[in-house]
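# Observations on the three-dimensional arrangement
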Amino acid sequence: MADWTDCLNFGISIAKQASEIVLSAFQQEKEVKLKSSPADLVTETDQRTEKILISAIRNQYPQHRFIGEESVAAGERLELTDSPTWIIDPIDGTVNFVHRFPFVAISIAFTVNKQTEFGIVYSCVEDKLFYAQRGRGAFLNGEPLHASGQEDISRCVVVTEIGAERDDLALSTMTSNIFRLLKLPVHGIRALGTAAVDMCQVATGGADAYYHIGMHCWDIAASAIIVQEAGGVVMDTDGSDFDMMSRRVIAASSSAVANRIAQVIQAFPCRRDDEDPYKCVCGAPGVNGV
């Protein structure tokens, strides 16, 4: 089995370097543009950070491939192949970044043969470096991470996000999911505004579960392996195996908690990340309303 430790160490190094760009712009006024909705924002810092990360990796590993949030937003095709691939979110929590809400992260995952080999989530303002390598455990600033192991849903803190979707079906589904969980009951529902950091809370044991529908592969690819290597469970919201392209995820302290959440929550239609953008999702309008 190949050892990707050198790639992991390189990824950690460039994540820390890129965080300096994010932090230097954090307190400044930002020029903000909209992408898919009024809650889906991008700044010059997002784009600049991604370009710097990809340039650094390409110089070190010229044969590797990339999936980057802002590159895809600019029209690049999203395709996960068997080749070594870096999946990058230059600023996870752009709305937080714009408002100076102190949870923003750089998220980097690395896959080979479509399997994640390592993940890095650097929470810039907190100066917290989460990382994991397949089969070698998960760590926060060098200290081992362990999920809580909680099996009783009624004793859980659950993390989720409303996300960028603002259509009636998505909003009603997301809010009704929160209602259903609170009525189980659970101890509480929390949201930090960044899927990557949200999910890492499960790895720390500070939260017992995270679920979301509508996020993208770059939001959760890195944190998924961090949760798994911390002893947690990651699956699809329908209870099937985790698929980073499905845009649905549950991460939990145990299979019992993950399966209980899967029984309660519902999903709304959203196009897979690796699906043809011109293909219509059932129940949703396609390009030009077709």
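Quick note: structure is the one above.
Just so it is clear, the model here is predicted, and its values are computed rather than measured. (Residues numbered from 1 in each chain as written. Predicted model: local features only at pLDDT ≥ 70, side-chain atom pairs only at ≥ 80, totals over all residues. Heavy atoms only, no water.)

A separate point is the side chain of Ser 246. Position of Ser 246 relative to the elements: it lies in the loop between strand 13 (233-235) and strand 14 (248-252). Within polar-contact distance, the side chain of Ser 246 engages the backbone nitrogen of Arg 248 at 3.2 Å. If sequence neighbours within four positions are ignored, Ser 246 has contacts with Asp 236, Cys 270 and Arg 272. (Helix = DSSP H or I, 4+ residues; strand = E, 2+ residues; numbered from the N terminus. Polar contact = N/O pair within 3.5 Å; in protein donor to acceptor, adjacent residues only side chain to side chain. Contact = heavy atoms within 4.5 Å.)

Let us look at unusual backbone geometry. Most peptide bonds adopt trans geometry, and most residues besides glycine take a negative phi value. Omega for the bond connecting Leu 184 with Pro 185 falls within 30 degrees of zero, at 10°, which places this linkage in the cis form. Summarising the element assignment, Pro 185 is placed in the loop between helix 5 (168-182) and strand 11 (188-190). Despite not being glycine, Lys 114 shows a phi value in the positive range, around 65°. Examined against the element boundaries, Lys 114 turns out to sit in the loop between strand 5 (105-112) and strand 6 (115-123). With a phi angle near 55°, Asp 127 is a residue other than glycine that sits in the positive phi range.

With the rule as written, the count across this model stands at nine aromatic pairs. Measuring from centroid to centroid gives 6.3 Å for Phe 26 and Phe 97, while their planes differ by 50°, and the two rings are tilted. Of this pair, Phe 26 sits in helix 1 (residues 5-26) while Phe 97 sits in helix 4 (residues 94-99); the two residues are 71 residues apart in sequence, bridging distant segments of the chain. Since its relative accessible area comes to 6%, Phe 26 is described here as buried. Summarising the aromatic geometry, the rings of Trp 86 and Phe 110 are spaced 5.0 Å apart at their centres and angled 65° between planes, so their arrangement reads as edge-to-face. Placement of the pair is Trp 86 in strand 4 (residues 85-92) and Phe 110 in strand 5, with a sequence separation of 24 residues. The ring of Phe 26 has Lys 30 sitting right over it, with the charged end atom 5.4 Å from the ring centre. The cationic tip of Lys 30 hangs over the ring face of Phe 97; the distance from NZ or CZ to the ring centre is 4.5 Å. (Phe/Tyr/Trp six-rings, centres within 6.5 Å; stacked < 30°, edge-to-face > 60°. Buried < 20%, exposed > 50% of the residue type's maximum accessible area, 1.4 Å probe, protein only. Lys NZ or Arg CZ within 6 Å of the ring centre and 35° of its normal.)

What follows deals with the pattern of salt bridges. For the structure shown, the criterion picks out 13 salt bridges. Two residues, Glu 165 and Arg 247, come together in a salt bridge whose shortest N-O distance is 3.6 Å. Of this pair, Glu 165 sits in the loop between strand 10 (157-159) and helix 5 while Arg 247 sits in the loop between strand 13 and strand 14, and the two are 82 residues apart along the sequence. Residue class for Arg 247 comes out buried when judged on its relative accessible area of 10%. Asp 243 is paired through a salt bridge with Arg 272; the nearest N and O atoms lie 2.7 Å apart. (Salt bridge = Lys/Arg side-chain N within 4 Å of Asp/Glu carboxyl O.)

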